[in-house]
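# Observations on the model geometry
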Amino acid sequence: MRARSGRTTAPVGGGPVRAAAAPLTLSRSEARRIWLHAQRLDTLAPFGSGPGAVSEAVDHLGYVQIDTINVIERCHHHILWTRIPAYRRAHLHQAQTVDKTVFEYWTHALSYVPAKDLRFFLPAMQRHRDSPNSWFRSVQPADLQRVMRLIRTDGALSIRDIDDAVLVEKEHAWASRKPSKRALQLAFYTGALTVSTRAGMVKTYELMDRHFGWDKRPKPASDRQVLDYLLDRALRSQGVVSLDSICHLDAPRKAAIRQVIEARVRRKALVPVALEDAGRLEHWARPEVRDTTPAPAEDLVHLLSPFDPLIIQRRRLQLFFDYGHRFEAYVPKEKRLLGYFALPVLVGDEIVAAIDLKADRAHQKLLVQQWTWVGRGSARAHKVRIEAALHRFATFQFERPDD
């Protein structure tokens, strides 16, 4: 693909961008390596070990998604273990509850995010206060006042610590019969409360100001500062970005993000990228991105969570890796191709297999439900190394809390 100068056509989010220079031309192989390096999946232990490694990993990635599915270890622990081989669950507890370097809030999903970035989330909390979404319209002011009063006087509480005199019928499978639960959630999204600790999926809520020990809350970021933050977060963790990748599940923000990109292109802080087979989908990167990306270690094997930042954006994954992952936990069994909870297997810079795993906790065994080779994956080239990775993953699954 030859580099071209001039105008590049914008499919979404606004008009064309006037490029300051010829686009940087990247093959898909080069783009993969840049993304893997940005995700820190090209070296064995990029963040070191111990509780500090958790904070560094969350800081670099920008977020680590939380999810309830526990057919194997839950995704937030899995994502961290992938990049921190010596990771222990207690390290995340230390970061969240003791050191308070990470906190929980919504990105494209509920996630751990760096506490130092909290001011970029304060505007979203204000929006929830000003205009709660439909999920919270059933919250009664008396229920909200009650849970706030309990926590203010008795200290941090979980929903298990609160008895509701009157229970309600569930409106949704994920709802609760306790009105207090939705009141706690509303207080969380508005920033009155934060999750001070969690045990599994049971969250303990504390007054946000008291949890962080603030005399005065941080100043909320301006709209422009939030846009710069989102762009910088994507550049750091993705290397090569598009409007889709920056604004994952946040399409209304694309037009504003485009304006920030245009300004940086004019200053030559960003360059357009002509990415192999991307068609009309525009990408950008920092000018030096290719020069600062090492080749990945070819013998590295990663069993990736379907919620891993490398996997969660399916169209981007397909473009960069020529692999279309299917998340089939909610697909009828007879229609599944890869299995209930298949994990993409990354070897070097290629996804070579998808393995559906299940933890047999009673017998402390990791069961391989289905093994599917994909792309150029083959038993002869990769099977022994993948089996070694499965053994390491099984050890992580069943380690004792004090290990």
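Scroll up to find the structure.
Cut-offs applied
Throughout this description, residue numbers start from 1 for each chain and increase along the sequence as written. With the structure being a predicted model, the display of local features is reserved for residues of pLDDT at least 70 and the display and counting of side-chain atom pairs for 80 or more, all residues being used for whole-chain, interface and lining totals. Each side-chain value is worked out from all heavy atoms of the structure, with water and hydrogens disregarded. Only DSSP runs of H or I reaching four residues or more are called helices, and only runs of E reaching two or more are called strands; each is numbered from the N terminus. Exposure categories follow from relative accessible area, calculated using a 1.4 Å probe and restricted to protein chains: below 20% of the type maximum is buried, above 50% is exposed, and the middle band is partly exposed. Pairs of residues are marked as contacts when any of their non-hydrogen atoms sit within 4.5 Å. Accessible surface is estimated by sampling points in the Shrake-Rupley manner with a 1.4 Å probe; for residues, cover comes only from the protein chains shown. Lines are fitted to the C-alpha atoms to define the axes, a helix being fitted only along its stretch in contact, and any angle between axes, read from their N-to-C directions, falls within 0 to 180 degrees. Oblique is the label for every angle not falling under 35 degrees (roughly parallel), over 145 degrees (roughly antiparallel), or within 65 to 115 degrees (roughly perpendicular). Gly is placed with the polar residues, together with every amino acid not listed as nonpolar (Ala, Val, Leu, Ile, Met, Phe, Trp, Tyr, Cys and Pro) or charged (Asp, Glu, Lys and Arg). Two strands qualify as a pair provided that DSSP identifies no fewer than 2 bridges between them. When the centres of two rings from Phe, Tyr and Trp lie within 6.5 Å, Trp using its six-membered ring, the rings pair. Their planes under 30 degrees apart give stacked, over 60 give edge-to-face, and anything left gives tilted.

## A short note on the overall build of the protein
Counting its secondary structure elements, the protein contains 13 helices and 15 strands. Per-residue burial over the protein gives 52% buried out of 403 residues. Sequence separation of 24 or more characterises 63% of the internal contacts of the protein that already satisfy a separation of 6 or more. Of the roughly 19,400 Å² that the protein leaves accessible, carbon and sulfur atoms contribute 50%.

## Here we look at the packing of helix α9 (residues 223–238) against helix α11 (residues 254–266)
One can describe the packing of α9 onto α11 by two numbers: an axis separation of 10 Å at closest approach and a directional angle of 70 degrees. Overall, the two elements α9 and α11 adopt an arrangement that is roughly perpendicular. Seen from α9, the contacting residues are Arg 224, Leu 227, Asp 228, Leu 230, Leu 231, Asp 232 and Leu 235; seen from α11, they are Ala 256, Ile 257, Val 260, Ile 261 and Arg 264. Partitioning the contact of α9 with α11 into residue classes produces eight nonpolar, no polar and four charged.

## Some details on the sheet that holds strand β4 (residues 64–65)
Across the sheet, three strands lie side by side as β4-β6-β5; this open sheet has antiparallel pairing. Where the open sheet ends on each side, the last strands, each with one partner, are β4 and β5 (102–106). Relative to strand β6 (residues 110–114), β5 runs antiparallel, the two being bridged by five bridges. Bridged to Trp 106 within β6 is Leu 110.

## A short note on the packing of aromatic side chains
Counted by the stated rule, this structure contains 23 aromatic pairs. Considering the side-chain rings of Phe 103 and Phe 121, the 5.9 Å spacing of their centres and the 85 degrees angle between planes classify their relative orientation as edge-to-face. With Phe 103 in strand β5 and Phe 121 in the loop between β6 and α5 (122–130), this pair connects stretches of sequence that are 18 residues apart. For the pair formed by Phe 103 and Phe 121, the shared burial category is buried. Plain terms: the ring middles of Phe 188 and Tyr 205 are 6.4 Å apart, the flat faces sit at 75 degrees to each other, and that makes the pair edge-to-face. With a gap of 17 residues between them, Phe 188 in helix α7 (residues 179–189) and Tyr 205 in strand β9 (residues 202–207) connect regions that are remote in the sequence.

Bear in mind that shape data such as this cannot, by itself, settle questions of function.
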